[in-house]
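# Chains, contacts and geometry: an overview
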Amino acid sequence: MKKLFVSVFLLAAMTSTACTNLIAGKKATTDGSVLCTYSADDYGMFINLCHYPAGKHKPGTMRPIHDWDSGVYLGQIPEAAETYNVIGNINEYQVTIGETTFGGREELTDTTSIIDYGSLIYIALQRSRTAREAIRVMTSLVEKHGFHSGGESFTICDPDEAWIMEMVGKGTGGKGAVWVAVRIPDNAICAHANQARIRKFDRKDKQNVMYSKDVIRFAREKGWFNGKDDDFDFAAAYCPADFGGRRFCDARVYSFFRKFDKGMDKYLPWVLGKEENAEPMPLWIVPDRKVSLEDMRECMRDHYEGTPLSLDQDMGGGIWEMPYRPTPLSYEVDGRKYFNERPISTQQSAFSYVSQMRSWLPRQVGGILWFANDDGNMTPYIPIYCGNTVQPECFNTEGADAVTFSDKNAYWVCNWVSNMVYPRYAQMFPSLKAVRDSIDHALVANQKAVEEKAAALYAQSPESAVKYLNGYSNAKAQEMLARWKRLATYLIVKYNDMTVKPEKDGRFARTKTGIGARVQRPGYPAGYAKGMSRQVGERMMQP
């Protein structure tokens, strides 16, 4: 999602927004599934769970292209003869595509082209049965129609393979794009977060590497590379990493890798962004343990806990130690510039997901988009099966948009709760987390039985299995919405006026005469109280 535009200007990087993708190959996961994630982060963004139905199209049919971010009409292209069902960012063949914007060199953005990054994703999902096919579709589209966006990193996965592809246009008047795609080893994990990650690549490895014919030549022509072809570094040529690219972007990759490799702290000089000649992180690592669906879900909720970048080291979190910070990322005091950390979990997430792709199950049963319509830390992930053709009402609510609240809409109800919790995080988050985790755990516990029934139905009729799973997904989404409304009213009663109402046997306590029991007044958390005492000193010290 747009746009942490990493350029030579630090300010440009710090005043924009950003996304995160995490990837795990099938031999790196506990169950043999390919897993990938996406957090779509952009301030003010409101977005539904999209759906594109499968279809057959007559010769000559044209498809209009509107920029995914702005809705501006860009042009039209010929429609494919056949398109596949797409729900969210997964299609009926379990192909999943996500992205993060690295921007790169600003002069390479081509505003006259037709295909923007968002349109590229959803067209490819409608036209591809495998990740490799999606790469061919995406690269042929931009070759013919041009690439309207800045530099992008794409996650492109199917039940057997996980790929990262990086692409940047050739500037206004240029044709097509330069790009490189690398298959992530099956036993490895990878991530990208708004900084180009592909460096050197093996041009002879035709099975695991694809690239545009002019990816090196174009950089030479522009004067961005003059070495031997074997030494070509895509990221260095097209998106040199400045402080913002390392501290605000690659730091999120480091935090993910660090959970599965105890030696990642050796890359701290790179991540901190201040040592010019620091060693960059590898594109992928082999984890020291298998990665589970639950691991990936929790990694999407990360705030650098346990790392030198943890957000609990200053007063920025307020009284109740919120692991979120106001934006923009930079601010100025007395002529000096300062910045905030930018973790994976962030308040501007419009949605996030964990995609689970499994080759051993019928295709419409094997693919799940575990979907959250807000910051993934603040809401549970709901299973949306890849063959689904009808969105839950709460993820596609008539009349709701970025400036129209609806209590039927998950984005707005979840944000209602989140925005109550953010400023009193340490006080209120445990209550939210208990409900969130109970829903997450129940859905994972149900998964085996649900899918066994779906597989049995599939053997009789694939359509009946799809209908069953669609009904299950929609029911669970609506149940989540109802539970979140109850959570909202619980929180306002429980924590009204910065106090805490006691409970007994799951109900708010009352006195013998029936009125509400005396509230608890927790005051400042211990750490904040110490800081406060140092600041006020003797002026506020009692005699």
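Report follows, based on the coordinates. (Residues numbered from 1 in each chain as written. Predicted model: local features only at pLDDT ≥ 70, side-chain atom pairs only at ≥ 80, totals over all residues. Heavy atoms only, no water.)

## Side note on the overall build of the protein
- Helix and strand counts for the protein come out as 13 helices and 23 strands.
- Whereas a compact globule of 543 residues would reach a radius of gyration of roughly 24 Å, the protein reaches 24 Å, a difference of no more than 12%.
- Relative to its 543 residues, the protein shows a buried fraction of 57%.
- Across the protein, every contact between residues at least 6 apart in sequence was considered, and the portion connecting residues at least 24 apart equals 70%. (Helix = DSSP H or I, 4+ residues; strand = E, 2+ residues; numbered from the N terminus. Rg over C-alpha atoms; globule rule 2.2 N^0.38 Å. Buried < 20%, exposed > 50% of the residue type's maximum accessible area, 1.4 Å probe, protein only. Contact = heavy atoms within 4.5 Å.)

## Considerations on the nonpolar core
- Core analysis: the biggest nonpolar cluster contains 118 residues, and Phe-232, Tyr-238, Phe-395 and Trp-484 have the highest contact counts within it.
- Apart from the residues lying within four places of it in its own chain, the contact partners of Trp-484 are Met-378, Thr-379, Pro-380, Val-413, Cys-414, Val-417, Leu-432, Val-435, Arg-436 and Ile-439.
- In this structure, Val-95, Trp-163, Met-167 and Ala-181 belong to the second largest nonpolar core, which totals 35 residues. (Core = buried A, V, L, I, M, F, W, Y, C linked by side-chain atoms within 4.5 Å.)

## As for the environment of Ser-345
- Looking at the secondary structure, you find Ser-345 in the loop between strand S18 (336-339) and strand S19 (349-357).
- Taking relative accessible area as the criterion, Ser-345 reaches 1% and is therefore assigned buried.
- Distance from Ser-345 to Gln-460, taken between C-alpha atoms, is 42 Å for residues 115 residues apart in sequence.
- Filtering out sequence-adjacent residues up to four positions away, Ser-345 remains in contact with Met-300, Arg-301, Asp-302, His-303, Tyr-324, Asp-375 and Asn-377.
- Among the polar contacts made by the side chain of Ser-345, one reaches the side chain of Tyr-324 at a distance of 3.3 Å. (Polar contact = N/O pair within 3.5 Å; in protein donor to acceptor, adjacent residues only side chain to side chain.)

## A few points about a nonpolar patch on the surface
- Among the surface-exposed residues, Tyr-331, Val-333 and Tyr-338 lie close enough to one another that they form a single nonpolar patch of about 260 Å² accessible area.
- Counting through the fold element by element, Tyr-331 comes out in strand S17 (residues 330-333). (Patch = residues over 30% accessible without salt bridge, like charges linked within 9 Å, V, L, I, M, F, W, Y side chains within 5 Å. Areas by Shrake-Rupley, 256 points an atom, 1.4 Å probe, with all protein chains shown as cover. Salt bridge = Lys/Arg side-chain N within 4 Å of Asp/Glu carboxyl O.)

## Describing the sheet that holds strand S2 (residues 34-41)
- Ordered in space as S16-S14-S1-S2-S19-S20-S21, the 7 strands form an open sheet in which the pairing is antiparallel. What marks the edges here is a single partner per strand, and that holds for strand S16 (284-285) and strand S21 (382-385).
- Examined bridge by bridge, strand S20 (residues 368-372) and S21 share 4 bridges and lie antiparallel to one another. In the strand pairing of S21, Phe-371 is matched with Ile-382.
- Contacts from helix H6 (residues 243-258) reach strand S1 (21-24), strand S14 (189-192) and S16 within the one sheet, and its direction differs from that of S14 by about 160°. (Pairing = 2+ DSSP bridges. Axes fitted to C-alpha atoms, helices over the stretch in contact; angles between N-to-C directions.)

## Describing the pairing of strand S6 (residues 73-78)
- Where strand S5 (residues 62-66) lies against S6, 5 bridges are found, and the strand directions are antiparallel. Bridge pairing in S6 links Pro-64 to Gln-76.

## So, the pairing of strand S10 (residues 96-103)
- Counting buried positions over the 8 residues of S10 gives 8, a clear majority of the element.
- Residue alternation in S10 divides its side chains into two sets, Thr-96, Gly-98, Thr-100 and Phe-102 and Ile-97, Glu-99, Thr-101 and Gly-103, and both sets are buried.
- By the bridge criterion, 7 bridges tie S10 to strand S11 (residues 151-157) in an arrangement that is antiparallel. By the bridge assignment for S11, Gly-103 is matched with Gly-151.

## Quick word on unusual backbone geometry
- Between Thr-327 and Pro-328 the backbone carries a cis peptide bond, its omega angle lying at 5°.
- Tracing the chain through its elements places Pro-328 in the loop between helix H8 (293-299) and S17.
- One non-glycine residue, Tyr-304, lies in the positive phi region at around 65°.
- The topology assignment puts Tyr-304 in the loop between H8 and S17.

## Quick word on the environment of Asp-374
- Mapped onto the fold, Asp-374 is located in the loop between S20 and S21.
- Relative accessible area serves as the criterion here: at 0%, Asp-374 is assigned to the buried category.
- Sequence separation between Asp-374 and Val-86 is 288 residues; the distance between their C-alpha atoms is 21 Å.
- Leave out the neighbours within four places in its chain, and Asp-374 touches Gln-347, Ser-349, Ala-350, Phe-351, Ser-352, Thr-379, Cys-414, Asn-415 and Ser-418.

## Some thoughts on helix H2 (residues 117-127)
- Of all the 11 residues making up H2, 11 are buried; the element is thus mostly covered by neighbouring parts of the structure.
- Buried residues of H2: Tyr-117, Gly-118, Ser-119, Leu-120, Ile-121, Tyr-122, Ile-123, Ala-124, Leu-125, Gln-126 and Arg-127, and no others.
- For H2, the side-chain oxygen to backbone nitrogen distance between the N-cap and Gly-118 is 3.1 Å, and the N-cap itself is Asp-116.

Purely geometric numbers; function is a separate question.
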